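One letter stands for each residue in the lines below.
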There are 4 protein chains.
Amino acid sequence: METDEKHSWRAKLHELIYEADTPAGKLFDVLLLFFILLSIVLVMLESVNHIDEKYHDLLNIGEWIVTILFSLEYILRIIAVKKPKKYIFSFYGMIDLLSTLPKYLSFFIVGSQALVTLRALRLLRVFRILKLARYLGASNQLKESIVASRVKILVFLFAVLVSSVIFGTIMYLVEGEENGFTNIPKSVYWCIVTLTTVGFGDIAPQTALGQFITTIIMILGYGIIAVPTGIVSAEYARSANKAAKNEGEEKLGHSIDNVHTNSQSCRNCLAEKHQDKADFCHKCGFKLHND
Amino acid sequence: METDEKHSWRAKLHELIYEADTPAGKLFDVLLLFFILLSIVLVMLESVNHIDEKYHDLLNIGEWIVTILFSLEYILRIIAVKKPKKYIFSFYGMIDLLSTLPKYLSFFIVGSQALVTLRALRLLRVFRILKLARYLGASNQLKESIVASRVKILVFLFAVLVSSVIFGTIMYLVEGEENGFTNIPKSVYWCIVTLTTVGFGDIAPQTALGQFITTIIMILGYGIIAVPTGIVSAEYARSANKAAKNEGEEKLGHSIDNVHTNSQSCRNCLAEKHQDKADFCHKCGFKLHND
Amino acid sequence: METDEKHSWRAKLHELIYEADTPAGKLFDVLLLFFILLSIVLVMLESVNHIDEKYHDLLNIGEWIVTILFSLEYILRIIAVKKPKKYIFSFYGMIDLLSTLPKYLSFFIVGSQALVTLRALRLLRVFRILKLARYLGASNQLKESIVASRVKILVFLFAVLVSSVIFGTIMYLVEGEENGFTNIPKSVYWCIVTLTTVGFGDIAPQTALGQFITTIIMILGYGIIAVPTGIVSAEYARSANKAAKNEGEEKLGHSIDNVHTNSQSCRNCLAEKHQDKADFCHKCGFKLHND
Amino acid sequence: METDEKHSWRAKLHELIYEADTPAGKLFDVLLLFFILLSIVLVMLESVNHIDEKYHDLLNIGEWIVTILFSLEYILRIIAVKKPKKYIFSFYGMIDLLSTLPKYLSFFIVGSQALVTLRALRLLRVFRILKLARYLGASNQLKESIVASRVKILVFLFAVLVSSVIFGTIMYLVEGEENGFTNIPKSVYWCIVTLTTVGFGDIAPQTALGQFITTIIMILGYGIIAVPTGIVSAEYARSANKAAKNEGEEKLGHSIDNVHTNSQSCRNCLAEKHQDKADFCHKCGFKLHND
């Protein structure tokens, strides 16, 4: 049947683009990774004045080539999926589109004033780097421990913000505008710079009382840096213990099906994390391709 | 009876203001939260010169509206409670009063010189933000681990202060006034800036010997930053283990009554943390309202 | 007997000065604490030029009073102990002497040039603050965990130093004298400032290559700050577990005699940590006083 | 036999140079350590202008003596080993060669311009310090915990880099060239300086929006500093537990052969970590010397 045939090359395209289990799929991903990195380097170099002056045309051509390649990839991704809307409105679909658009916009909108804005749009393509995250397996254990300690870290960050607002206001009153604490928002900014132990030094207390309060802020910051560390550390140890326990249980025969060594993705609904020998998608029941 | 009737609307008011279990009570708290944030933003914007010049009247009116609303809320809180003194002299009662007073004082006291002091008083209203803490459940586990490691962190902070005084004095002698270490308190301040790894850089050692001693201070600071982190981390892990154990025990039938999912507060003594189906206050025996 | 009588007031003096179990002994320690803090504040204030100009005589008289009081205390400490040599050559004996001497030396040695050196000696009295450590119980658990991780922290600090020397030399070559990296020792100093995340900013890389290498140094520093923290944290958790286990054993009847709630110190050999109802010193067998 | 005799002094030489179990071998290592430290101090002092001007000849002679001694040591190391190629192309063989070559090159290549490059090569001898690592036992537990958390720390560092690129670009757009963010690479550099809480302050945000974004970057950095610490801490605790368990097992008779208290190294293949009473190399079967 014709549809079957058509399905066939679309299935192959899907396998090539979305999965990394076949040699061709792997090559595609490595090439994509290379072009993403290349495009970031190109955008970075273009922002350096003395390099842009010398090699403007070269950088421009390079950017156009990368942009066209990414556009082609975007179209192929839409074609390969059965339900394109699902891809287009997914997180990566949006990022993929956002990483090609700015360059095209720079072509249509011309004008000396607009160029500054254009550059801004063009630079958004740096978000293309987010694609990289896809190619680096996320540590589930790490993710779990961060999710588990999410609420506690939020409470903690809230405490940091409240004390920054209070100490920032006090420092504004004590030091005043003549010592760089020109207004409360700036004082609060300075207070966070100090609490997080960054300490740029562009604003620094000059009066004795201001330096005394700064000492309190710093020791407070030094003491509370321990809190989120302690939380993540303990949560991570707990989730690591659970993982070790699970491993032990698996050895005893109580296998838990949470190991996915393949990179298969359903052609219909883009669901991932299929079992290694699965024939059908566990989300929508669509038939997965055979190896 | 009249008193019963009166009790009734006071009871309802109490429920509205102090508790967040009913839709009306929830709405009240969300509105309060919004006005607290608004008033902080207004005070912050007023301190920025170029914004204050343009919108002085608007900001002033906004502050007056918020102040009057907070005053009304303060009076209602006093009316709703059976023993007003208990509320007035409680921590939040003081904060609630302190957050309205400065604006009124700015009305009575006039004078170019006094205005600077006034601004100081007005800014105290930023403490109003402390109210926020009420609306964000505190992580009991976190609190426990900090309380458990309190003494050890104090010993540690004391060690930091003692070494700061000693190293500060040495640096004052080594670097001297010509390199910014103008007196011992300033040297001690610089030493704490360095030990806590903030490092503003407004004062920095210039002599070879001073830089060598600074190296020792920094490596010391780098080494001891591990101590409070380690303490909180271990204590937190311990209290988390205990909590996990308690949970396990509860499942086995040895339920521990430390879960309070409601926000009820006694009308008589303001005690909180009542059991979910309690009819009487566990502190004073006063009858709690029925849902 | 006369000797008995003499022994008696010396025993009382010993109890007053060295121990804190009686009301009089407690008062003595609190007064001593107050005078130590006072003398540190006096030395600090004297170093602030505009305060010294105004109140020079007052500060000078205050320092003389404190110095004479400390001298009297030093003599009484020698008289109260049976073997004075043991006290004089102990750590605190040395500190007690060093905290009084500089002021007397300032009396005998006169001369404009020598005064600067004198001030240096005088400031050594800040070491007097070390006395404070005596009055704050040291957390044994914390001490244990630091001792247990001592070797590992040393290996770690050695690694920090070696990488600082290597990266410091590279930065010296890359940035050169014109960008503030005037010589290798200074470059190494800068490298430690960066690795420990202090970052004064008095020296900062200016070349693109220098900034790239700095990025590597910082990420390295950011990564390795985890190491000592992790070590102390794990060691502390282990020693805390052991302590908890010991407590459990004690409850089961296997009491361990490591709890000392008194502050008794032997009159003969200055040994401490006697059992609560001990009659004789556990080090030299000398009779302890009765309550 | 002649070969036996020859073997005999080569075996002794091998024992002297490569091992530290005999008094002579220990002395050799201590002397080597001293000369390594001396040569580093010499190179450092030579880079300080005012010292080099005064003592140039002395420093030069000192460096030549150290260089010749290291060359002799290098030749002896080659002679003592049965398979010299194995040593020459080993990590330490390369370092040993690299630490002597630059000084000789400074002799042959003359010229005012070339001297600057020469100094660069000469300074590479600081890598000689890497030899030190050999003499300080590496903490295996620490190494294990770092290796175990390697992948997770890489994922984390990758996340830091990606967010630095994105935030760096945003800051470049917000602050612009007039506030020091002259190009994207520099902005990314600044972003890493801020995320790692180093905060030099040579570049600092000037606009209100820039300072607001900086606040987000700092709080992010403050929050994520907890992640690698938590990972290493938990992994270290785990490997420490395993070690403690192993120790326990050993006491029960199930001895594990992973304790190597000697410093023997095979004359044939340079393999290390032989058992204490081993007669033959566990890697190549070559006979080890008898004590």
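These figures come from a predicted structure and were not determined experimentally.

K.L.:
Which residues make up the overall build of chain A, and what values go with them?
P.N.:
Within chain A, the regular secondary structure consists of 12 helices and zero strands. Starting at the N terminus and ending at the C terminus, chain A contains elements arranged as α-α-α-α-α-α-α-α-α-α-α-α. By the burial criterion, 46% of the 291 residues in chain A qualify as buried. Expressed as a percentage of contacts within chain A between residues at least 6 apart in sequence, the contacts between residues at least 24 apart total 57%.

K.L.:
Run through the interface of chain C and chain A, naming residues and quoting values.
P.N.:
On the side of chain A, five residues touch chain C, which itself brings five residues to the contact. Across the chain C/chain A interface, buried area totals approximately 170 Å², and carbon plus sulfur atoms make up 20% of it. Linking chain C with chain A are zero salt bridges, by the criterion used here. The tally of links from chain C across to chain A stands at zero residue pairs in polar contact (both at pLDDT 80 or more). For the side of chain C that touches chain A, the class distribution of residues is one nonpolar, four polar and no charged.

K.L.:
A description of helix α10 (residues 184-195) of chain C should follow, citing residues and the corresponding values.
P.N.:
Residue and element names in this part refer to chain C. For α10, spanning 12 residues, the distance from its first C-alpha to its last is 16 Å, which sits close to the expected 16 Å at 1.5 Å a residue. In terms of burial, α10 is a largely internal element, 10 of the 12 residues being buried. Considered for burial, the residues of α10 that qualify are Ile184, Ser187, Val188, Tyr189, Trp190, Cys191, Ile192, Val193, Thr194 and Leu195. Following α10 by one or two positions, Thr197 has its phi on the positive side, about 60 degrees.

K.L.:
Explain the relation of the copies chain C and chain A to me, using residue names and the numbers behind them.
P.N.:
At an RMSD of 0.2 Å, chain C and chain A line up after a rotation of 180 degrees and a shift of 0.0 Å along the axis. As the rotation angle and translation indicate, the two copies are arranged about a two-fold axis. Both copies contact each other with a shared surface, as 100% of the interface residues of chain C are interface residues in chain A too.

K.L.:
Let's hear about the packing of α10 of chain C against helix α2 (residues 23-47) of chain D: which residues, and what values?
P.N.:
Contact pair α10 of chain C / α2 of chain D: the axes reach a minimum separation of 7 Å and the direction vectors enclose 105 degrees. Viewed along their axes, α10 of chain C and α2 of chain D adopt a mutual orientation that is roughly perpendicular. Taking contact as the criterion, the partners of Ile184, Pro185 and Val188 of chain C in α10 of chain C are, on α2 of chain D, Val43, Met44 and Ser47 of chain D. For the contact of α10 of chain C with α2 of chain D, the residue count by class is five nonpolar, one polar and no charged.

K.L.:
Let's hear about unusual backbone geometry: which residues, and what values?
P.N.:
Unusually for a residue other than glycine, Thr197 of chain A sits at a positive phi of about 60 degrees. For Thr197 of chain A, a relative accessible area of 3% translates into the label buried.

K.L.:
Any details on the side chain of Thr197 of chain C? Residues and values, ideally.
P.N.:
Its location among the elements puts Thr197 of chain C in the loop between α10 and α11 (208-224). Residues within four places of Thr197 of chain C in sequence aside, it is in contact with Thr197 of chain A, Thr197 of chain B together with Thr196, Thr197 and Val198 of chain D.

K.L.:
Give a description of helix α5 (residues 91-98) of chain D that names residues and reports values.
P.N.:
All names here are of chain D. For α5, the full list of buried residues reads Gly93, Ile95 and Asp96. Each buried residue of α5 lies within a common arc of 165 degrees when the element is viewed along its axis, so the set occupies one face. Contact partners of the buried residues in α5: α3 (49-80) and α4 (84-88).

K.L.:
I'd like a description of the packing of aromatic side chains, backed by residues and values.
P.N.:
Applying the stated criterion to the full structure yields 12 aromatic pairs over all chains. Taking 6.0 Å as the distance between ring centres and 15 degrees as the angle between the ring planes, the aromatic pair formed by Phe200 of chain A and Trp190 of chain D counts as stacked. Within this pair, whereas Phe200 of chain A is found in the loop between α10 (184-195) and α11 (208-224), its partner Trp190 of chain D is found in helix α10 (residues 184-195), the two belonging to separate chains. By relative accessible area, which is 1% here, Phe200 of chain A ends up buried. Residue Trp190 of chain D is classed as buried on the basis of its relative accessible area, which comes to 1%. Put simply, the rings of Phe181 and Trp190 of chain A together with Phe200 of chain B touch in pairs and so form one group of aromatic residues.

K.L.:
Hey, could you go over a nonpolar patch on the surface for me, with residue numbers and the actual values?
P.N.:
On the surface, Ile61, Ile65, Ile68, Leu69 and Leu72 of chain A cluster together into a nonpolar patch covering about 440 Å² of accessible area. Checked against the element boundaries, Leu72 of chain A lands in helix α3 (residues 49-80).

K.L.:
If you had to explain the confidence of the model for chain A to someone new, which residues and values would you point to?
P.N.:
All names here are of chain A. Summing up the model confidence of chain A, the mean pLDDT is 72 and the portion of residues at 70 or higher is 64%. The spread of mean pLDDT over the elements of chain A runs between helix α7 (residues 112-123), the lowest at 44, and α10, the highest at 91. This stretch, residues 110-122, has a pLDDT under 50; its non-local contacts, to residues over four places away or in other chains, come to 15 contacts. Here residues 249-261 is modelled with pLDDT under 50, and outside its nearest four sequence neighbours on either side it reaches 12 contacts, counting other chains as well. Two numbers describe this predicted complex: its pTM, 0.78, and its ipTM, 0.75.

K.L.:
For the packing of α3 of chain D against α5 of chain D, give the residues involved together with the corresponding values.
P.N.:
Residue and element names in this part refer to chain D. In the contact formed by α3 and α5, the axes pass within 9 Å of each other and the chain directions differ by 150 degrees. When the axes of α3 and α5 are compared, the pair comes out roughly antiparallel. In the packing of α3 onto α5, the handedness of the crossing is left-handed. Taking contact as the criterion, the partners of Glu73, Tyr74 and Arg77 in α3 are, on α5, Gly93, Asp96 and Leu97.

K.L.:
So, the environment of Ile203 of chain B: which residues are in play, and what are the values?
P.N.:
Note on placement: Ile203 of chain B falls in the loop between α10 (184-195) and α11 (208-224). For Ile203 of chain B and Lys186 of chain B, which are 17 residues apart along the polypeptide, the C-alpha to C-alpha distance reads 9.4 Å. Not counting chain neighbours up to four residues away, the residues in contact with Ile203 of chain B comprise Asn179, Gly180, Phe181, Lys186, Tyr189 and Trp190 of chain B together with Phe200 of chain C.

K.L.:
I'd like to hear about the environment of Phe70 of chain D, residue by residue, with values.
P.N.:
Residue and element names in this part refer to chain D. By secondary structure assignment, the location of Phe70 is in helix α3. The class of Phe70 is buried, set by a relative accessible area of 3%. Residues Phe70 and Leu209, spaced 139 residues apart in sequence, show a C-alpha to C-alpha distance of 58 Å.

Procedures and definitions
- Residues numbered from 1 in each chain as written.
- Chains lettered and ligands numbered in written order.
- Predicted model: local features only at pLDDT ≥ 70, side-chain atom pairs only at ≥ 80, totals over all residues.
- Heavy atoms only, no water.
- Helix = DSSP H or I, 4+ residues; strand = E, 2+ residues; numbered from the N terminus.
- Buried < 20%, exposed > 50% of the residue type's maximum accessible area, 1.4 Å probe, protein only.
- Contact = heavy atoms within 4.5 Å.
- Buried area = accessible area lost by both parts, 1.4 Å probe.
- Salt bridge = Lys/Arg side-chain N within 4 Å of Asp/Glu carboxyl O.
- Polar contact = N/O pair within 3.5 Å; in protein donor to acceptor, adjacent residues only side chain to side chain.
- Nonpolar A, V, L, I, M, F, W, Y, C, P; charged D, E, K, R; others polar.
- Expected span 1.5 Å × (residues − 1).
- Least-squares fit on C-alpha atoms with pLDDT ≥ 70 in both.
- Axes fitted to C-alpha atoms, helices over the stretch in contact; angles between N-to-C directions.
- Parallel < 35°, antiparallel > 145°, perpendicular 65-115°, else oblique.
- Arc of directions from axis to C-beta.
- Phe/Tyr/Trp six-rings, centres within 6.5 Å; stacked < 30°, edge-to-face > 60°.
- Patch = residues over 30% accessible without salt bridge, like charges linked within 9 Å, V, L, I, M, F, W, Y side chains within 5 Å.
- Areas by Shrake-Rupley, 256 points an atom, 1.4 Å probe, with all protein chains shown as cover.
- pLDDT = per-residue confidence, 0-100.
- Left-handed = near helix turned anticlockwise from the far one by under 90°.

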